[in-house]
Structures are given as C-alpha cells and as structure tokens.
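# Reading the structure
Now for the letters of each chain:
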Amino acid sequence: MTSNNLVYLIALPLFSSGFLMILGRRADKWGHIFATLISASAFGIGAFEFLQMLARPSESRALTQKLFSWISVGTFQVDASLLLDQLSISFVLLITGVGTLIHIYSIAYMSHDMDRRRFFAFLNFFIAAMLLLVLGDSYLNLYVGWEGVGLASYLLIGFWNQKPEYATAAKKAFVANRVGDVGLSLAIMIAFATFGTVSFSGVEEKVSGASTAALTGIGLMLLLAATGKSAQFPLQSWLGDAMAGPTPVSALIHAATMVTAGVYLITRSNFIFDNAPTAQLCVVIIGAITLMFGALIGTAKDDIKKALAASTMSQIGYMILATGLGPVGYAFAIMHLLTHGFFKAGMFLGAGSVMHGMDDEVNMRKYGGLGKFMPITAITFGLGYLAIIGVPPFAGFYSKDKIIETAFNAEGIKGLFIGGAALLGALVTAFYMTRVIILTFTGTKRWDEKAHPHESPFLMWGPMAILAIGSVASGFLLSSGNRFVSWLAPVVNSHEADHAEHVERFQPVVVTSMALVAVVIGVAIAIVKYRSEVPRVAPTNVRFFTKIARRDLLQDDFNEAVLMRPGQALTKFLVATDEKAIDGAVRTVGAAVIGSSKGIRKTQTGFVRSYALLILLGAFALLATIWVVTL
Amino acid sequence: MIRLSLEIGQTQKPEAILFYILAPLSVLASLGMLVVRKAVHAALLLAWVMITLAIFYIALDAAFLGIVQIVVYTGAVMMLFLFILMLVGVDAPDSLTENIKGHRVVAIAAALGFGGLLISLIGRATLNHVSVGLAMANEPGNVQGLASLIFTQYVFPFEVVSALLITAALGAMVLAHSQKSAGARLSQRALSSARFRGDSLANAAGLPSSGVFARHNAVDVPALLPDGTPAKNSISGVLSARGDIQDPTQYALGSLPKVDDEGGDK
Amino acid sequence: MNSANYLYLSAMLFTIGAVGVVIRRNAIVVFMCIELMLNAANLAFVTFARINGTLDGQVIAFFTMVVAACEVVVGLAIIVTIFRSRRSTSVDDASLLKR
C-alpha cells in the first residue's frame with residue numbers, strides 16, 4: 001500500500017529546523033514553542049498512521065511512499081522512498097513521543113540558555129534525521145538518516161562548545177561514529193555488488209541466492225556500523241564523554257533513540273543475519289561483552305550521568321545480544337528497546353532535574369538525601385529504577401526477563417554462557433542502580449552550603465511523570481498475550497522459526513526466579529555497602545578493579561595505546577620520511593639543477609660572437625654527422 | 001657574350017687559367033678581411049672578392065648574374081657599406097686582440113673542421129659526376145632563359161621578394177628615422193630669443209669655429225680658449241661623440257710672444 | 001678543369017666568412033663577412049646550375065641577391081640605430097643578453 005502522508009513526518013521537523021536556524025535571533029522568543037509544536041504534530045501524524053495501521057490486517061500493514069527517483073545510474077536505481085511497517089511505526093512513536101516530551105522538558109531546562117532556539121533547531125533536526133533513518137526503505141536512505149543523526153549528535157554534544165572538553169567530546173563521538181559509518185558504507189557496497197540493489201525488499205528477495213561469505217561480510221560490516229552508533233564494544237568509548245551535552249540530549253539521543261539505531265539496523269537486516277550464522281554469533285558475543293562492560297563501568301562512576309550512560313551501554317548490550325539470537329530475539333530486543341526508551345529517558349530527565357536543583361552538580365558523592373527536597377523527581381526516578389533492574393510488574397522485568405530466557409535457551413553451550421552473562425549483568429545492574437538511588441536520594445546530605453535543592457517546575461516533572469507511567473505500564477502492555485511479538489512477526493519472519501526449534505532448556509519460571517534472585521542479591525550488596533557514611537571525595541585506596549572501572553575499564557587507555565600512539569608514530573614516521581626522503585630527493589634534484597645551471601650559465605656570456613661560434617660548432621657537428629652517415 | 005666554356009662537361013683551358021689566377025686572389029682577399037684593422041680596408045677587399053665572383057659568374061654561363069653582381073653588390077651594397085662607415089668614422093681602427101678566452105682558437109679549429117668536412121663532402125658528391133653545361137638552357141640567351149623561369153615558374157616568389165624589398169626599405173626608413181629630428185624643432189625666432197635673452201650672452205655672436213687660429217683649421221681640432229684649454233663647443237657633436245678629435249694643444253705655441261709696452265695692458 | 005673547383009672555392013669562401021663573423025668585433029665588418037658567406041652560397045648555386053644544366057640555380061642566386069640587399073639595408077639601419085644610442089659599433093659592447 002502506498003501513502004502520501006509519510007513524508008510530512010520528516011518534512012515538518014526538517015522544515016522547522018531550517019526555519020529556526022535561518023530566522024536566527026528573530027525566533028528566540030517563540031522558537032522553542034514552535035519546535036515543540038512541530039514535534040508534537042509529528043507525533044500526531046505517527047499516532048494517526050498507527051491507528052490506521054491497527055485497522056488493517058496484519059499482512060497489509062506496511063505503507064510505502066515514493067518521493068522521487070534519487071539515483072539512476074545504469075542498473076543502479078535508488079528511489080528516495082519511505083517505508084512504514086510495524087517495526088518503523090514502533091520507532092516513529094518512540095522518537096516523536098519521547099522526543100516531544102523531551103522538547104517540553106527542554107523548554108524549562110534550557111530556559112536560562114542564550115541559545116535555546118538553536119538547541120531546539122538541532123533537536124528538530126535530530127527528529128527529522130532519526131525518522132528518515134527508520135523510515136528509509138533502502139540501506140542508502142537509511143544511511144542518509146544515519147549520518148544525519150550522527151551530525152545532530154555531534155552538534156548537540158558540543159552544544160556548549162565554548163568548553164574545550166565538551167567540543168572534544170563531540171569530536172570523539174563523531175570520529176568513533178565515523179568508524180562505524182565506514183562499516184555501513186562497506187556493507188552497502190557489498191550488498192550492491194552481491195544483490196545489485198540496496199532496498200530492503202530487494203535484498204530480502206535475493207538473499208537466498210547469495211553466498212554465505214558475502215552475507216557474513218555484509219553482516220559483520222553492519223555489526224561494525226551498529227557498534228559505532230550504539231556504543232557497543234569496541235567502539236563504546238564515546239558514549240561516556242557524550243554526556244557533555246545538555247541532559248535532555250542525553251535522554252533523547254544517547255539513551256532512548258539514536259544509540260538504539262544499531263539495534264534497529266540489525267533487526268531490519270534480519271534476513272541477512274538469519275542466513276549468516278557467523279555474523280550472528282559475533283552479534284551475540286559483542287552484545288554479551290558490552291552488557292558486562294557497561295555494567296561494570298556503571299559500578300564505579302560517581303558522575304550520575306556517566307553512571308546512567310554506562311547503564312545505557314549495558315542495556316543496549318542486552319538488545320544487541322537479543323538480536324543475535326535470531327528470529328525469537330528480534331521482538332524482545334525491540335521490546336526492550338521501547339521499554340528502555342521510557343525508563344532510561346525518564347531517569348535521565350530525573351538526573352537533569354537533580355542537576356537543575358543542584359546547580360549542575362553531577363557528582364553523586366555530593367548529593368545525598370535529596371528525596372525529601374525533590375519528591376516527584378525521586379518517585380519518577382525510583383519507578384524508572386525499579387523498571388531497569390527488572391522488578392515485576394515494571395516494564396524492564398518483562399523485556400529483560402524475556403531476553404535472559406531466550407539467551408539461556410539458545411542452542412548448545414553458547415546458551416549457558418550468554419545466559420550466564422545476561423544474568424550476571426542483571427545482578428550488576430541491580431547493584432549499581434541501587435547505588436545511584438542510595439547516593440542520590442537517601443542518606444545524609446553531603447552537598448555544599450550554597451546549594452539549595454528544590455523541585456523542578458511542572459514543565460520538567462510533567463514529562464518525567466509521563467515517562468514514569470510508561471516505565472510502569474509499557475512492559476505489561478507490550479508483552480501480555482505475546483502482543484508485541486505477533487505485531488512484529490511479519491517484519492522479522494519469526495512465525496515459522498518460533499515453533500520449529502525452540503529448545504526449552506529452562507522453564508520460564510526457573511529463569512525468572514534466577515533473575516529475581518540475582519536482582520535481590522545485587523540490591524542487597526549495594527545496600528550493605530552504601531548504608532553507612534559515604535565520603536564526599538572518592539577514596540583512592542581502592543581495589544585494582546575499582547580503579548580501572550573508574551577509568552572506564554581502560555577503554556580510552558586501550559584506544560590510546562592501540563590506535564592513537566601507533567597512529568602518532570606512523571604520522572611521525574611519515575613526516576620524517578617526507579622531510580628526509582621525499583624533500584631530500586626534491587632538494588637534491590633542485591640542487592642538481594642549480595649546479596648544472598651554474599655550469600651552463602657560463603656559456604651564456606651575452607656576446608653575440610659566442611652564440612655565433614656555437615652556431616658554427618653546431619654546423620660542424622651536423623656536417624660531421626652527415627659525413628659519418630654517408631661514409 | 002664571351003663564351004669561355006666550349007665543351008659540355010669539361011671546361012676549357014682559358015677558363016681554367018682564369019680560375020687558377022682569380023680564385024687564389026679572392027681567397028687571399030677574403031682572408032685579408034679577417035686580419036685588417038680598418039673596416040674600410042675590409043670593405044675594399046670584399047669589393048674585390050665580389051668582382052672576382054662576378055667574373056666567375058660570367059665564366060659559369062651566368063652573364064646576367066655577373067652583371068647584376070657588379071651593379072647590385074659592388075655598386076649599391078658596397079656603396080652603402082662605405083656610406084655607413086663614413087657615418088660612424090672611417091679612421092677608427094679595430095683592436096684585433098681577442099678578449100673572450102679561447103674564443104679565437106675554438107673558432108679557427110671549428111672553421112677548419114667545418115671547411116674540411118665541407119670540401120670532403122663536396123668531393124665525395126661530385127666525384128665522377130659529369131657536368132651537363134648550360135648550352136641548351138641558354139639557347140635563347142641567358143637573360144631570356146632566366147626571364148622565362150622567373151615570370152612563369154617563380155613568379156610567386158618573385159612577387160613575395162618584391163614585397164620584401166619594399167618592406168625592407170620602409171623598415172630601414174623607420175629605423176634610421178631620428179626621434180630627435182622629428183621632435184619639435186625650434187623656430188628661428190625661438191632660437192634667436194634664446195640666444196639673446198638666455199642666461200648668458202657668451203654665445204650671442206655664435207659658437208666658436210673650430211681650428212687653432214692660423215695654425216690648423218681642420219674641423220676635428222677644437223679651438224683654443226684664451227686660457228689655453230680646448231673649446232668643446234667648437235666641434236661638431238658627431239665628431240666629439242665618435243672620439244675623432246685631435247688634441248689642439250699640439251698646435252699651441254710653446255709660450256706667448258712678448259708684448260710691447262704700447263700694446264700692453266695700458 | 002672540373003666545375004667542382006668552383007664548389008671548393010665556394011666552400012672556402014663560406015668558411016672564411018664564417019670565421020670572420022665569429023672573430024671580428026666591428027659590426028660592419030661582421031656584416032661584410034655575412035655578405036661574403038651569401039656570395040659564396042651564390043657561387044655554389046650558379047655552379048650547380050651549370051652542373052645540372054638548368055637555370056633554376058641562377059634564379060635562386062638572383063633571389064638570394066635580392067634578399068641580401070634587403071638584409072643589408074635593414075641590418076645597416078640597425079647598426080646606425082645602435083651606434084646612435086651606444087656610440088659604438090662593437091658587437092661585444094651590445095652584450096645586453098647577459099643580464
């Protein structure tokens with residue numbers, strides 16, 4: 001089916017963004033409201049399309065719209081077309097819904113910022129790019145959105161670029177993303193070379209005829225792209241620094257939407273991964289590593305935003321892990337993505353609210369006992385907390401529990417390992433999230449005398465409250481009666497696989513019990529450890545593990561040692577080569593020319609007679625040649 | 001027309017005698033051009049070479065060219081040379097010392113090699129080559145034969161050459177045209193007022209004439225002023241520029257004769 | 001006597017003219033030497049005419065004379081002009097090509 005309305009989803013925020021940027025300061029007074037209304041109207045269109053989609057039978061729910069013929073070179077045809085199916089609409093609602101809430105939140109949060117209009121222009125630009133990413137009907141269209149969100153992320157992380165370290169953080173995010181983008185572009189190239197098309201439907205049709213090697217290549221390149229965008233191992237290091245951006249940005253881009261683009265990409269490419277087991281295994285391994293990695297970093301961070309960022313990394317690790325588990329995992333991955341979008345965005349907004357009340361202090365060791373002063377923030381944050389650690393009946397319980405269960409039931413010994421990792425991750429998650437709660441909202445006050453913690457205005461706690469409701473209810477709504485799984489089934493082809501090879505190694509009850517036990521253990525450890533007085537300055541006589549966890553498990557040291565230093569050495573070597581060898585050769589040639597010119601110059605006396613003599617000698621030589629030749 | 005060659009191919013004895021007398025003379029004359037110090041002597045030697053060449057032309061059945069050679073070269077071109085020599089100074093001898101190191105040695109060596117190779121090649125090319133002779137071609141007469149070629153086959157080059165001549169004449173006029181003489185020439189009235197109303201009345205009665213009074217009146221000898229120094233402005237500008245000025249002091253008296261009391265300073 | 005003798009004479013005159021061009025410094029004498037070379041070439045042309053039995057060589061010699069006349073006219077005018085500005089006819093003095 002085709003539709004003519006899809007383009008407005010993208011066009012509205014894009015237009016608004018350009019409009020606000022061109023108008024400049026003239027739009028300062030009303031720009032934020034305009035942008036918020038645009039975002040809300042995009043949500044309205046999305047909701048309208050969603051309702052219409054619900055009314056259609058499951059097979060004909062996908063909508064397409066061809067905008068124009070983009071590239072037409074020989075057999076290479078790419079249309080700028082949009083595709084709205086069950087997967088896309090989930091994202092559209094998340095992006096526009098959470099996006100609108102965060103727009104509203106930002107009106108208050110950014111009210112003291114001189115550049116609020118620019119901020120909203122960037123936010124709208126992000127919404128447009130992200131919608132293009134999820135609505136594009138081919139890898140090339142997706143790529144445009146993919147780059148667009150990368151740009152938006154860069155602009156927003158570096159929004160306060162008057163601080164050099166923030167600008168550097170933006171640059172770091174951009175560069176790390178570029179590495180992943182190379183993977184995506186390579187994947188597109190291999191796909192075109194293999195299939196002759198880059199549209200999702202075209203590739204899906206021809207995927208059965210392709211060699212496993214090509215599919216594995218595409219899969220690994222897509223995985224590289226996903227690791228870059230979704231801050232997965234080994235390209236994870238940018239996410240912590242990305243917290244330099246304003247907190248709403250962290251909530252929207254670096255928690256709820258953009259960083260989950262990798263999950264979307266892998267889910268969208270399910271037809272490739274399902275036929276490339278090696279790539280799929282890599283996906284699982286990357287996911288497992290990252291979920292542990294992020295969780296461990298989270299245990300050592302004192303910066304509330306960085307702790308949440310580590311948690312985001314870890315939770316996306318869960319999603320990536322789930323996508324690697326094949327047809328059964330996609331739906332759970334997307335479901336966790338949606339619930340995570342609610343509770344993590346809510347917690348980030350809560351963190352922003354705390355910072356707002358604490359004069360932008362981010363160190364949790366200087367919080368303490370804030371629950372009394374910010375009750376609404378504490379409650380919404382607490383609901384998000386219960387959701388993330390997976391306490392029933394909150395959202396995280398339904399989605400994460402399903403992932404752990406699916407992981408345990410994966411075939412072979414692999415299932416035990418990844419299931420164990422997921423379970424351990426749940427334990428650690430419970431620990432560090434409890435730590436955040438204890439340090440921030442309970443205990444004695446440790447803040448400075450001049451700080452006056454206060455509850456945030458309605459414009460801020462309103463969105464937090466809505467997101468908290470989502471954190472509570474979305475899990476049950478989505479999972480009851482396998483609603484979301486069957487909703488997504490036409491996109492990820494899970495129906496036949498679902499029943500065919502579902503090895504029930506562990507009963508769901510067993511897994512759930514284990515997960516709950518893990519959560520209880522994690523919470524208990526945290527309470528025991530942090531119930532006493534917390535020092536305001538982080539102690540230095542800590543165990544080795546804590547030290548390296550504070551240093552983000554040496555991810556930057558690793559990058560520095562493995563990538564930066566050799567790169568610098570190579571550059572130095574190249575500079576030396578350039579100066580010594582190449583410049584030397586050039587200078588030698590120059591010196592030779594100068595030297596020979598000095599010699600030759602002596603023949604140029606300026607005397608006509610000398611030149612005449614040279615002519616005579618030339619004639620002599622000519623005659624001599626003739627003489628010899630005619631001999 | 002004197003026909004010196006009677007037989008096709010081999011020249012007759014009279015021509016041989018002519019050649020063997022005149023050829024060494026022309027070579028000697030041209031060699032002399034290399035060593036004489038004065039340009040005018042070189043011109044005379046060249047005129048001689050050209051006359052011998054004219055004779056050779058006639059001997060070679062090219063009567064028309066022989067006459068043209070005398071009229072154009074010996075007459076017009078050499079006249080032009082002598083005229084220019086007079087303009088720039090006949091008497092100035094050239095220094096024959098070489099001031100570019102090794103130049104002369106290399107030049108002579110190269111020339112000897114060049115000439116040797118040329119002669120060798122000519123010998124190789126004309127060995128056993130029988131000369132056809134111009135008896136047939138000159139049947140209607142040498143001038144008529146040339147004319148029938150020039151005005152038929154060579155008419156286009158002929159026209160081009162005539163254009164070249166006109167262009168050369170025009171070019172020579174443009175080059176030799178003096179900017180000074182073309183400039184604003186002062187009128188007699190202006191000259192007169194400059195003479196009498198100028199800064200000084202020294203030249204009011206005209207410039208001093210050249211020559212030392214009663215001893216030497218040539219134009220290249222400056223007049224002597226009362227204090228015994230030469231008067232620069234008594235000599236034509238061209239001569240002084242050329243350096244063709246003689247020292248007037250050689251004509252000055254050793255000492256002024258004694259003056260009697262009556263004709264003295266009273 | 002063989003007509004080739006005229007060619008030998010021509011070659012010698014030409015070579016002598018070339019030497020004169022190279023070693024003499026007075027521009028007018030250099031010019032005369034060039035004339036000598038042209039005349040030597042003319043002698044060769046006329047001799048070739050007789051050797052080949054056609055008048056074309058003489059026609060070429062005739063053209064050479066005309067061109068030589070033009071060249072003399074222009075060349076001497078140039079010498080006069082140079083003399084007017086530099087007060088010298090030495091070719092070494094006009095060594096402006098050096099700088």
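Residues numbered from 1 in each chain as written. Chains lettered and ligands numbered in written order. Predicted model: local features only at pLDDT ≥ 70, side-chain atom pairs only at ≥ 80, totals over all residues.

## Structural notes on the overall build of chain B
Looking only at helices and strands, chain B features nine helices and two strands. In chain B, which comprises 266 residues, the share counted as buried stands at 24%. The long-range share in chain B, meaning contacts at least 24 apart out of those at least 6 apart in sequence, stands at 49%. (Helix = DSSP H or I, 4+ residues; strand = E, 2+ residues; numbered from the N terminus. Buried ≥ 20, exposed ≤ 12 C-beta atoms within 10 Å, placed from the backbone. Contact = placed C-beta atoms within 7 Å.)

## A look at the overall build of chain C
Across its full length, chain C holds three helices and zero strands. Walking chain C from its N terminus toward its C terminus, one meets helices and strands in the order α-α-α. The contacts of chain C with a sequence gap of at least 6 include a subset with a gap of at least 24, amounting to 46%.

## Re the interface of chain C and chain B
Each side of the interface is counted separately: chain C has 60 residues, and chain B has 66 residues. When residues of the side of chain C that touches chain B are traced back to their parent elements, those giving at least two are helix H1 (4-23), helix H2 (27-52) and helix H3 (56-86) of chain C. When grouped by side-chain class, the residues that make up the side of chain C that touches chain B number 42 nonpolar, 13 polar and five charged. (Nonpolar A, V, L, I, M, F, W, Y, C, P; charged D, E, K, R; others polar.)

## A word on the pairing of strand S2 (residues 76-84) of chain A
On a regular strand, one side chain projects to one face of the sheet and the next to the other, so that they alternate. Residue and element names in this part refer to chain A. The pairing of strand S1 (residues 63-73) with S2 spans nine bridges and is antiparallel. Paired with Val-73 across the two strands is Phe-76, which belongs to S2. In this antiparallel pair of consecutive strands, S1 and S2, the connection spans two residues, and Gly-74 shows a positive phi of 60°. (Pairing = 2+ DSSP bridges.)

## A few points about unusual backbone geometry
Here the residue pair Phe-233 of chain A and Pro-234 of chain A is connected by a cis peptide bond, since its omega of 5° sits within 30 degrees of zero. Structurally, Pro-234 of chain A can be placed in the loop between helix H8 (212-229) and helix H9 (238-241). Phi at Asp-61 of chain B takes a positive value of approximately 65°, unusual for a residue other than glycine.

## A closer look at the nonpolar core
Counting residues in each nonpolar core, the largest one holds 205 residues, and the members touching the most others are Phe-126, Leu-131, Leu-321 and Ala-345 of chain A. Once residues lying within four places of it in the same chain are set aside, the contact partners of Leu-321 of chain A are Val-284, Gly-287, Ala-288, Leu-291, Ile-403, Ala-407, Ile-418 and Ala-422 of chain A. Leu-53 of chain B together with Ile-28, Ala-49 and Val-73 of chain C belong to the second-largest nonpolar core, a separate cluster that totals 85 residues. (Core = buried A, V, L, I, M, F, W, Y, C linked by C-beta atoms within 7 Å.)

## A closer look at the packing of helix H3 (residues 63-88) of chain B against H3 of chain C
Where H3 of chain B contacts H3 of chain C, the two axes come as close as 11 Å, and the packing angle between them is 5°. As far as their axial angle goes, H3 of chain C and H3 of chain B are roughly parallel. Packed against H3 of chain B, whose contacting residues are Leu-65, Val-68, Val-72, Val-77, Leu-80, Ile-84, Leu-87 and Val-88 of chain B, the element H3 of chain C presents Gln-58, Ala-61, Phe-62, Met-65, Ala-69, Val-72, Leu-76, Ile-79, Val-80 and Phe-83 of chain C at the interface. Its residues placed into classes, the contact of H3 of chain B with H3 of chain C shows 17 nonpolar, one polar and no charged. (Axes fitted to C-alpha atoms, helices over the stretch in contact; angles between N-to-C directions. Parallel < 35°, antiparallel > 145°, perpendicular 65-115°, else oblique.)

## A short note on the environment of Ala-331 of chain A
Residue and element names in this part refer to chain A. The residue Ala-331 is located in helix H15 (residues 327-357) in this model. Judged by C-beta crowding, with 29 C-beta atoms within 10 Å, Ala-331 ranks as buried. Sequence separation between Ala-331 and Trp-487 is 156 residues; the distance between their C-alpha atoms is 8.8 Å.

## Here we look at the environment of Ala-426 of chain A
Mapped onto the fold, Ala-426 of chain A is located in helix H18 (residues 412-441). For Ala-426 of chain A, the residues in contact, after removing those within four places along its chain, are Gly-390, Lys-400, Ile-404, Ala-515, Ala-518 and Val-519 of chain A.

## A closer look at the interface of chain A and chain B
Listed by partner, the interface residues are 13 residues for chain A and twelve residues for chain B. Per-class residue counts for the side of chain A that touches chain B are ten nonpolar, two polar and one charged.

## Concerning the packing of helix H1 (residues 6-23) of chain A against helix H4 (residues 116-135) of chain A
All names here are of chain A. At a closest axis distance of 8 Å, the pairing of H1 and H4 adopts a crossing angle of 155°. Relative to H4, the element H1 is oriented roughly antiparallel. By crossing handedness, the relation of H1 to H4 is classed as left-handed. Taken together, the residues of H4 that come into contact with H1 (itself represented by Leu-6, Leu-9, Ile-10, Pro-13, Leu-14, Ser-16, Ser-17, Leu-20 and Met-21) are Arg-117, Phe-120, Ala-121, Asn-124, Phe-125, Ile-127, Ala-128, Leu-131, Leu-132 and Leu-135. (Left-handed = near helix turned anticlockwise from the far one by under 90°.)

## Quick notes on the confidence of the model for chain C
Scored by pLDDT, chain C comes out at a mean of 88, with 97% of its residues at no less than 70. This prediction of the complex comes with two scores: 0.62 for pTM and 0.92 for ipTM. (pLDDT = per-residue confidence, 0-100.)

## Side note on helix H3 (residues 86-109) of chain A
Look at H3 of chain A: 34 Å from first C-alpha to last across 24 residues, which is about the 34 Å you get at 1.5 Å a residue. Among the 24 residues that make up H3 of chain A, 23 are buried, leaving the element largely enclosed by the rest of the structure. (Expected span 1.5 Å × (residues − 1).)

## Looking at helix H10 (residues 247-256) of chain A
Residue and element names in this part refer to chain A. Most of H10 sits inside the fold, with ten of its ten residues counted as buried. Turning to H10, its buried residues number three or more, namely Thr-247, Pro-248, Val-249, Ser-250, Ala-251, Leu-252, Ile-253, His-254, Ala-255 and Ala-256. Those residues of H10 that are buried lie in contact with H3, H4, helix H5 (139-157), H9, helix H14 (304-323) and H15.

## Observations concerning the confidence of the model for chain B
Residue and element names in this part refer to chain B. Here chain B shows a mean pLDDT of 80. Residues at 70 or above account for 85%. Here helix H7 (residues 179-182) stands out as the least confident element of chain B, with mean pLDDT 57; helix H2 (residues 39-59) is the most confident, with 92. Between residues 1-10, whose pLDDT stays under 50, and residues either more than four places distant or in other chains, the model counts 19 contacts.

## Things to note about the environment of Val-134 of chain A
Residues and elements named next belong to chain A. Residue position: Val-134 is located in helix H4. Separated by 51 residues in the primary sequence, Val-134 and Leu-83 have C-alpha atoms spaced 8.3 Å apart. If sequence neighbours within four positions are ignored, Val-134 has contacts with Ser-88, Phe-91, Val-92 and Tyr-264.

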